[in-house]
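Overview (structure and organization)
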Amino acid sequence: MQEKLFIARVCTLAGKIMLKSGAETSRVEDTMNRIASAFGIKNAQSFVTPTGINFSTGFADPSNTVRVNERSTDLHKIAEVNSISRKIDEGELDALEAFRLLKAIEVAELAFPWYIQIIGAAILSGCFTIMFGGTWPDFIPAVITGGVGFAIVLGAMEIVEMRLISDFFGSIGIGLLAFLFVATGIGVELDKIIIGAVMPLVPGLHITNAVRDLIAGHLLSGLSKGSEAVLTAMAIGAGVAVVLAFL
């Protein structure tokens, strides 16, 4: 019984890391079930939503429930957990060693530093502006606008832990800066600069995960993630609309 409970802890920890890192619900459940099966648990039951995990080693066994309040995007951690899952399936890791490795992944800071994220968002903004039909004179304004907008989002998230609000203020900053570039003659096409600059804020991963969960039959998770993506897109659009409405 104690062994089953420990295996349940291993499975739950793996699922928690993946869910917090932005994995889709179907992948989280599949990984937890695979780990349990590799350790000899044949009737594992897992139920995952975007905000919580419920896992049991059997139909009548006690269940483990984990609440997940914070979610981000960290594909590196997802890949690390998948790697551990494969090693468990191949018999290379026992439960104790797997738990130790998962604990190390949970506390590791694998995300890029904030300044690297801002630089990446800035370069992406300029590239998206050109990709969406913008001209080369708009490249540098889009780079600056996208970088400043993303920096505002990161700063706002340190104050208010709600991505919707931070995206709203970030898009306001993008709209204001893009308007200033065009008004001073540095930028040419306002719409192309704004479109390129907001692209790093667009919830592409949420949209993809929502579609994949819906296809996999996870209707609750798919609809909730889709709703979250729609609300984020509305917040971004509302921020830009506020600027354009008053200028």
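You'll find the structure just up there.
Quick look at the structure, then.

1. A look at the layout of surface pockets
- Considered as a void within the structure, the largest pocket measures approximately 2200 Å³ in volume.
- Of all the secondary structure elements, the ones that give two or more residues to the lining of the largest pocket are α1 (2-20), α3 (75-89), α5 (114-131), α6 (139-159), α7 (163-183), α9 (204-215) and α10 (219-246).
- Ranked by residues supplied to the lining of the largest pocket, first place goes to α5 with six residues.
- Considering only residue class, the lining of the largest pocket consists of 22 nonpolar, eleven polar and 14 charged.

2. A word on the nonpolar core
- Judged by nonpolar contacts, the single largest core of 32 residues is most densely connected at V10 and L102.
- The biggest single contributor to this core is α1, with nine residues.
- Contacts of L102, omitting those with residues within four sequence positions, involve V10, L13, A14, I17, V81 and I84.
- Judged by nonpolar contacts, the second largest core, of 14 residues, contains A121, F150, I193 and A197.

3. Some details on the pairing of strand β3 (residues 63-67)
- As defined by bridge partners, strand β2 (residues 52-56) adjoins β3 across five bridges and the pair is classed as antiparallel. Following the sheet pairing, S56 is matched in β3 by S63.
- Between β2 and the antiparallel strand that follows it, β3, lie six residues.

4. Observations concerning the pattern of salt bridges
- Taken as a whole and assessed by the stated rule, the structure comprises eleven salt bridges.
- As a salt-bridge pair, E97 and R100 come within 2.5 Å of each other at their nearest N and O atoms. On the criterion of helical spacing, the pair formed by E97 and R100 is a turn pair, its members being three residues apart in helix α4 (residues 95-107).
- Given the relative accessible area of 28%, E97 is considered partly exposed.
- Using a relative accessible area of 47% as the deciding quantity, one classes R100 as partly exposed.
- Three or more residues are tied together by salt bridges with common partners; here these are K16, K103 and E106.

5. Considering the sheet that holds β2
- Judged by pairing direction, the sheet is antiparallel, and its three strands sit side by side in the order β1-β2-β3 without closing on themselves. Both outer strands of the open sheet, β1 (45-49) and β3, are each paired with one neighbouring strand and no more. Averaged over neighbouring strand pairs, the angle between their axes works out to 10° when direction is ignored.
- Of the strand pairs in this sheet, β1 and β2 are connected by five bridges, and their pairing is antiparallel. Paired with Q45 across the bridge in β2 is S56.

6. Digging into the environment of A121
- For A121, the position within the fold is in helix α5.
- The spacing of A121 and L231 is 110 residues in sequence and 21 Å in space, taken between C-alpha atoms.
- In contact with A121, not counting residues within four places along its chain, are F150 and P200.

Cut-offs applied
Residues numbered from 1 in each chain as written. Predicted model: local features only at pLDDT ≥ 70, side-chain atom pairs only at ≥ 80, totals over all residues. Heavy atoms only, no water. 1 Å grid on protein atoms, 1.4 Å probe; cavity = no way out; pocket = protein on both sides within 12 Å on 5 of 7 lines; lining within 4 Å. Points joined across faces, edges and corners; volume = space filled by probe spheres on them. Helix = DSSP H or I, 4+ residues; strand = E, 2+ residues; numbered from the N terminus. Nonpolar A, V, L, I, M, F, W, Y, C, P; charged D, E, K, R; others polar. Core = buried A, V, L, I, M, F, W, Y, C linked by side-chain atoms within 4.5 Å. Buried < 20%, exposed > 50% of the residue type's maximum accessible area, 1.4 Å probe, protein only. Contact = heavy atoms within 4.5 Å. Pairing = 2+ DSSP bridges. Salt bridge = Lys/Arg side-chain N within 4 Å of Asp/Glu carboxyl O. Axes fitted to C-alpha atoms, helices over the stretch in contact; angles between N-to-C directions.

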